[in-house]
Amino acid sequence: MSLIEINFDGIVGPSHNFAGLSLGNLAATANAGKLAHPRQAALQGLAKMRANLELGLVQGLFVPLDRPDEAWLASLGTTMESADKALRANAFSASAMWAANAATVSPSPDTADGRCHLSTANLVTMPHRSHEWPGTLAQLRLAFADSRHFMVHAPVPPPFGDEGAANHMRLCSSHNTLGIEVFVYGESGGPFPARQHREASAAVARRHGLDPARTLFARQSPEAIAAGAFHNDVVAVANEHVLFAHEQAFADPTALYAALREKLPEVEIIEVPAAAVSLAEAISSYLFNAQLVTLPEGGMALILPSEARANPRVWSWLEGLVASNGPIRRLVPVEVRESMANGGGPACLRLRVVADPATVDPRFLVDERRIASIESLVSAEWPETIAPADLARPALWRDVRKARAKLLDLLDLSELQVASG
Ligand code: SUG
């Protein structure tokens, strides 16, 4: 049994568009109404997956959900034909691409029953995301069907908001050893919604059978949420014994760092001071929404959005970090501009699962050859552009459904034709 980290990326769906649906996500609201490029968006995501394979990492995928979501509209007593513009956009969103919000994952070394537990996120705060969970749950139940190794949970019930792994960090000596799990939650009262509720995090920790002595709950700083950090992974990322975070990410960083040092003495905390990179710069460049990964040859790499390289202050700070001979040895910029324009960087696009790849349904794992065949299909079937007015066109709804159906055929995932919500 070899437990390693697998990154499951959400393939950008054919309905990708800019509808400005997420209050508090500054990129998404600033780009509302712009022309979207679903084909290019999906190809950018696939190129990132290929780049990760080239680094020697194990890569998985999740497929887009069935959109428009007619079942959700029916539960609201309407249809795509008769719904108003707002409901139609909520039913059409490709937001399931951000797999970091699919579930919270507690790997087997941390849980009481020695299985890897996954809790599907309810995403109740945003209407367009609140109907992702049935399709996501169906997919997780398929990918992680082996009940000797995995336990997939349905979402925590509302009203407790849960946005999944984007607000969860795991620190450990190495992926296959006992870890410290940190749940980061927000408190309401600021200008933007606090999407992760402490009650939801506590429920997930209990359901996963985590040891309370190795579980921490940390409050996100209200300044970070107000500055546009709608998820903690916009201002912090952890991998093995390293925590890389902005000085203003947490409400009480001193207490969090002290608890981490007490529970994991080898922890290395790399804090970026606000004087070097302001919260606003961190959020516009998304330097923390990076995949911090352990390379097979040793050392860690930060897989960052190219927007981080475009900001000279951010980039020079990062170059200094790499030159300092610390654990982070490489910077790998990737181009995911279309996802970024909706507030989703490289880290948002992936869900990390520590598991033995042999225990995962192989249809959810990819190699170069499979990525190339998905690229050909996307190039032929994904719409080239979507403008806001297109959301009212029945021909687009049909094209989007057909494109997804062809992808499911290609990946031999026909069970999901009917199962997704
Ligand atoms: O939930 N954007 C997503 C971005 C999610 C990023 N994920 C992580 N940080 N892990 C969100 O705000 C915008 C869709 C629109 O407006 O059309 C959107 O849903």
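Look above for the structure.
Please read all numbers here as calculations on a predicted model, not as lab measurements.

Undergrad: Describe the overall build of the protein, naming the residues involved and giving the relevant values.
TA: When you go through the protein residue by residue, the secondary structure sums to 16 helices and 16 strands. Relative to its length of 421 residues, the protein is compact, with a C-alpha radius of gyration of 20 Å against a globular reference of 22 Å. A principal-axis box enclosing the C-alpha atoms of the protein has dimensions of 60 × 45 × 40 Å. The buried share of the protein, taken over its 421 residues, is 60%. For the protein, the exposed area adds up to about 15,000 Å²; of that, 55% sits on carbon and sulfur atoms.

Undergrad: An account of the site of the ligand is requested, with residue identities and associated values reported.
TA: What surrounds the ligand is a group of 20 residues, the closest being Leu21, Ser22, His128, Asp233 and Cys348. A distance of 3.1 Å is found between a nitrogen atom of the ligand and a side-chain nitrogen or oxygen belonging to Asn101. Here a nitrogen atom of the ligand and a backbone polar atom of Asn342 are 3.0 Å apart. Protein contacts shield 99% of the accessible area of the ligand, which totals 490 Å² for the unbound molecule. Classifying every residue of the shell around the ligand gives eight nonpolar, nine polar and three charged.

Undergrad: Got a sec to walk through the packing of aromatic side chains? Specific residues and values, please.
TA: Summed over all chains, the structure comprises six aromatic pairs. A centroid spacing of 4.8 Å and a plane angle of 40° characterise the contact between Phe244 and Phe288, whose relative ring orientation is tilted. Linking Phe244 in strand 10 (residues 242-246) with Phe288 in the loop between helix 10 (279-285) and strand 12 (291-294), this pair joins segments that are 44 residues apart in sequence. Across the pair, Phe288 and Phe244 agree in class, each one buried. In textbook terms, an aromatic cluster arises when at least three aromatic residues are bridged by ring pairs, as seen for Phe8, Phe62, Phe144 and Phe150.

Undergrad: Give a description of the sheet that holds strand 8 (residues 215-219) that names residues and reports values.
TA: Strand order in the open sheet made by the three strands is 6-7-8, with mixed pairing throughout. The sheet terminates laterally at strand 6 (168-171) and strand 8, the two strands that pair on one side only. Geometrically, the sheet is characterised by an average inter-axis angle of 25° between neighbouring strands, direction not taken into account. Judged from the five bridges that link them, strand 7 (residues 180-185) and strand 8 form a sheet pairing that is parallel.

Parameters at a glance
- Residues numbered from 1 in each chain as written.
- Predicted model: local features only at pLDDT ≥ 70, side-chain atom pairs only at ≥ 80, totals over all residues.
- Heavy atoms only, no water.
- Helix = DSSP H or I, 4+ residues; strand = E, 2+ residues; numbered from the N terminus.
- Rg over C-alpha atoms; globule rule 2.2 N^0.38 Å.
- Buried < 20%, exposed > 50% of the residue type's maximum accessible area, 1.4 Å probe, protein only.
- Areas by Shrake-Rupley, 256 points an atom, 1.4 Å probe, with all protein chains shown as cover.
- Near = heavy atom within 4 Å.
- Polar contact = N/O pair within 3.5 Å; in protein donor to acceptor, adjacent residues only side chain to side chain.
- Nonpolar A, V, L, I, M, F, W, Y, C, P; charged D, E, K, R; others polar.
- Phe/Tyr/Trp six-rings, centres within 6.5 Å; stacked < 30°, edge-to-face > 60°.
- Pairing = 2+ DSSP bridges.
- Axes fitted to C-alpha atoms, helices over the stretch in contact; angles between N-to-C directions.

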